[in-house]
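If you want the building blocks of each chain, they are given just below.
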Amino acid sequence: MKNVALYNLGCKVNSYEMEVMRQSLQERGYQIVPFDGTADIYIVNTCTVTNIADRKSRQILHRAKQLNPRGVVVAVGCYVQAGDRTARRDECIDLAIGNNRKKDIADLLEAFLEDRNRNSAVIDINGSCGYEETQLKSSMEHTRAYIKIQDGCNQFCSYCAIPYVRGRVRSRRPEDILREIRGLAAAGYREVVLTGIHISSYGIDFAGGRDAGCSENESYSGYEGSSGLVRLAEQIQEIPGLERIRLGSLEPRIMTPENVRRLAEIPRLCPHFHLSLQSGCDTVLKRMNRHYTAGEYYSCVERLRQFFREPAITTDVIVGFPGETEEEFLRTKAFLEKVCFYEMHVFKYSRRAGTAADKMPGQVPEQTKIHRSAELLELTARQAKLFRGRYIGQEAEVLLEETREMGNRILRVGHTGDYVKIAVDVTNEAEGERTMPVNSLVKVPVKEFLTDEILI
């Protein structure tokens, strides 16, 4: 029996795809072993979202070869797709597999093992029309499952290489998604997170292939335009045994009055919305090729707060985008203070070869990026504590996900619907395992902060 070590880098889509690869390999009889030891085969699911991600991917691949020079090193995913020739020249990589061949991992690996010739299974992803279907039966997490509903992106933001390595939008058939979720719900999973490269585009390629350019695609009534994701969530709501539906990263323009009204009528939908912003300054947004203004974004946030009681609004922000002046940065900071997000993920702009932004004048010095990033990280820490603090003195509904030991205390830890982390002390409860087991949904009083990020 061959043993395989797996290492995943990057986004939640990569995590889902790694789970599918793990499942496929186990079904073929491979034994999964820890990555930091000796294995027959090392599989690295790579990322290329930034130059730093490229470097990390190379480092992990080289580390795998160092762990066992005679082992087979397989590079999979975005880094390979973006730089196939570079990957093929790297002597530490024995097999390179592109994004649209991950579902074939077991077949490709077995074919390689038969002749041991260095090989590449990377094809032009932009010529791919249909969604590459896979079915996840279980996940390493036992309460929450990430469900990939689409792949690809048509946005072409000026800083982003993702459309080139993931291709155009390809939506997964709703019946396949619903079948996968029914199976996971029957297996005991209480929450699903809908994820993809650009889930706000879900369904745009179902209208006779108009957007995907694939005439063989079927047409699904109610999924066209910007309402496809909403329609899918409405159908998932009907699945027995499921307690929560959580949405992944969203384009703000999807939050039309009609869509927000319909989302508010889905009882199991978590009031947690990650609306990608990137900048709060209109001139920077235009250079980024983002298709909204700060004012339009703010209207979407206000709309959500009108229909949902104190929803968690989170976002991404890039500092130091080419040409960003101090005045433009201060406009962004003022906008972030005005919106008052629950959390912000702050990124320093990273040049990416092949993108429009890479060639833009006015590249911002690294020290300026570091300074601006620190300012926004301090702001989001304050805003996050303010949002979490609303729970003190209140009762919270928590999905318990894990057991932790902190000093002499035994805690069950989980999240609320708006993704605030709550701990429950079960140290002195003899019946704690029965009354508050992991994977249960419980209501508990909240008294204070346990840490900056956890309430108890």
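Residues numbered from 1 in each chain as written. Predicted model: local features only at pLDDT ≥ 70, side-chain atom pairs only at ≥ 80, totals over all residues. Heavy atoms only, no water.

Moving on, we come to the overall build of the protein. In terms of helices and strands, the protein carries 14 helices and 18 strands. Its C-alpha atoms give the protein a radius of gyration of 23 Å, near enough to 23 Å, the size a compact globule of 456 residues would have. Overall, the C-alpha framework of the protein stretches about 65 × 60 × 50 Å when taken along its three principal axes. Long-range pairs, those at least 24 residues apart, make up 73% of the contacts in the protein between residues at least 6 apart in sequence. Of the roughly 19800 Å² that the protein leaves accessible, carbon and sulfur atoms contribute 49%. (Helix = DSSP H or I, 4+ residues; strand = E, 2+ residues; numbered from the N terminus. Rg over C-alpha atoms; globule rule 2.2 N^0.38 Å. Contact = heavy atoms within 4.5 Å. Areas by Shrake-Rupley, 256 points an atom, 1.4 Å probe, with all protein chains shown as cover.)

Turning our eyes to something else, we now look at the packing of aromatic side chains. Tallied over the entire structure, the rule returns 12 aromatic pairs. Taking the centre distance of 6.1 Å and the plane angle of 70 degrees together, the rings of Tyr297 and Phe335 count as edge-to-face. Of the two residues, Tyr297 is situated in helix α11 (residues 294-307) and Phe335 in helix α12 (residues 326-339); the sequence distance between them amounts to 38 residues. The exposure class of Phe335 is buried, given its relative accessible area of 8%. Where Tyr342 meets Phe387, the ring centres are 4.5 Å apart and the plane angle is 25 degrees; that geometry is what we call stacked. On the criterion of sequence distance, the pair formed by Tyr342 in the loop between α12 and β13 (343-348) and Phe387 in helix α13 (residues 366-389) is long-range, its members being 45 residues apart. (Phe/Tyr/Trp six-rings, centres within 6.5 Å; stacked < 30°, edge-to-face > 60°. Buried < 20%, exposed > 50% of the residue type's maximum accessible area, 1.4 Å probe, protein only.)

Moving on, we get to the confidence of the model for the protein. Residues with a pLDDT of 70 or more make up 91% of the protein, whose mean pLDDT is 91. Low confidence marks residues 209-219, where pLDDT is under 50. Its contacts with residues over four positions away, or in another chain, come to 21 contacts. (pLDDT = per-residue confidence, 0-100.)

In a beta sheet, neighbouring strands are held together by backbone hydrogen bonds and run either parallel or antiparallel to one another. Reading across the sheet, the five strands line up as β17-β14-β15-β16-β18 and stay open at both edges, with mixed pairing between neighbours. The sheet terminates laterally at β17 (441-445) and β18 (454-455), the two strands that pair on one side only. Where strand β14 (residues 395-406) meets β17, five bridges bridge the pair, whose relative direction is antiparallel. Each residue of the ladder has a partner; that of Leu399, found in β17, is Leu441. (Pairing = 2+ DSSP bridges.)

What follows concerns the environment of Gly203. Among the secondary structure elements, Gly203 is positioned in the loop between β9 (191-196) and α8 (228-236). Here Gly203 falls in the buried class, since its relative accessible area comes to 0%. It is 9.1 Å that separates the C-alpha atoms of Gly203 and Pro174, two residues lying 29 residues apart in sequence.

Residues spaced three or four apart along an α-helix point in a common direction, a consequence of the helix completing one turn every 3.6 residues. Over its 17 residues, helix α2 (residues 51-67) extends 24 Å from the first C-alpha to the last, a length consistent with the 24 Å expected when each residue adds 1.5 Å. Looking only at α2, the buried set comprises Ala53, Asp54, Ser57, Ile60, Leu61, Ala64 and Lys65. Taken around the axis of α2, the buried residues stretch over an arc of 140 degrees, which confines them to a single face. Facing away from the buried side of α2 by more than 90 degrees, the exposed set consists of Ile52 and Gln66. The secondary structure elements touched by the buried residues of α2 are β1 (3-8), β3 (41-46), β4 (72-77) and α3 (78-82). (Expected span 1.5 Å × (residues − 1). Arc of directions from axis to C-beta.)

Quick look at the environment of Pro34 now. With respect to the element layout, Pro34 can be found in the loop between β2 (31-33) and β3. Residues Pro34 and Ala5, 29 residues apart in the sequence, show an inter-C-alpha distance of 5.6 Å.

What the four strands build is an open sheet, ordered β8-β7-β9-β10; its pairing is mixed. The open sheet terminates on both sides in strands that have one partner only, identified here as β8 (170-171) and β10 (244-247). Where strand β7 (residues 144-151) and β9 come together, six bridges link them in parallel fashion. Residue Tyr146 lies in a different strand from β9, and its bridge partner there is Val193. Each of β7 and β9 touches helix α1 (residues 12-27); the most contacted strand, β7, lies at about 105 degrees to it. Sheet strands in contact with helix α7 (residues 174-186) are β7 and β9, and its direction is about 170 degrees off that of β7. (Axes fitted to C-alpha atoms, helices over the stretch in contact; angles between N-to-C directions.)

Throughout the structure, instances matching the rule amount to zero disulfides. Considering cysteine sulfurs only, Cys78 is the nearest to Cys47, which forms no disulfide, with 6.3 Å between them. (Disulfide = S-S within 2.5 Å.)

Given a rise of 1.5 Å per residue, 24 residues ought to cover 34 Å, and the 34 Å separating the end C-alpha atoms of α13 matches this to within 8%. Among all positions in α13, only Lys369, Arg372, Ser373, Glu375, Leu376, Leu379, Thr380, Gln383, Ala384, Phe387 and Arg388 are buried. Residues of α13 that are buried sit in contact with β12 (312-319), α12, β13 and β18.

A general tendency of soluble globular proteins is for nonpolar side chains to be buried together. In terms of nonpolar packing, the biggest core is built from 54 residues, with Leu194, Ile236, Met255 and Phe273 touching the most fellow members. Core analysis: the second largest hydrophobic core is formed by 19 residues, Ala53, Val73, Tyr79 and Ile93 among them. (Core = buried A, V, L, I, M, F, W, Y, C linked by side-chain atoms within 4.5 Å.)

Turning next to the pattern of salt bridges. Counted by the stated rule, this structure contains 44 salt bridges. With a closest N to O distance of 2.9 Å, Glu133 and Arg172 form a salt bridge. Taken together, the residues Glu133 in the loop between β6 (119-121) and β7 and Arg172 in the loop between β8 and α7 connect sequence positions 39 residues apart. Glu133 sits in the partly exposed class, given a relative accessible area of 28%. Arg331 is paired through a salt bridge with Glu327; the nearest N and O atoms lie 2.9 Å apart. Taken together, the residues span about one helical turn, with Arg331 and Glu327 both in helix α12 at a distance of four residues. Connected through salt bridges with shared partners, the residues Glu17, Lys102, Lys148, Asp151, Arg166 and Arg170 form a single ionic network. (Salt bridge = Lys/Arg side-chain N within 4 Å of Asp/Glu carboxyl O.)

Structurally, the position occupied by Asp90 is in the loop between α4 (84-89) and β5 (95-97). Taking the relative accessible area as the measure of exposure, Asp90 reaches 12% and is therefore buried. A distance of 2.9 Å separates a polar atom in the side chain of Asp90 from a polar atom in the side chain of His62. (Polar contact = N/O pair within 3.5 Å; in protein donor to acceptor, adjacent residues only side chain to side chain.)

In this section: unusual backbone geometry. Phi is positive for Phe156, close to 55 degrees, though the residue is something other than glycine. Summarising the element assignment, Phe156 is placed in the loop between β7 and α6 (162-166). Here Phe156 falls in the partly exposed class, since its relative accessible area comes to 27%.

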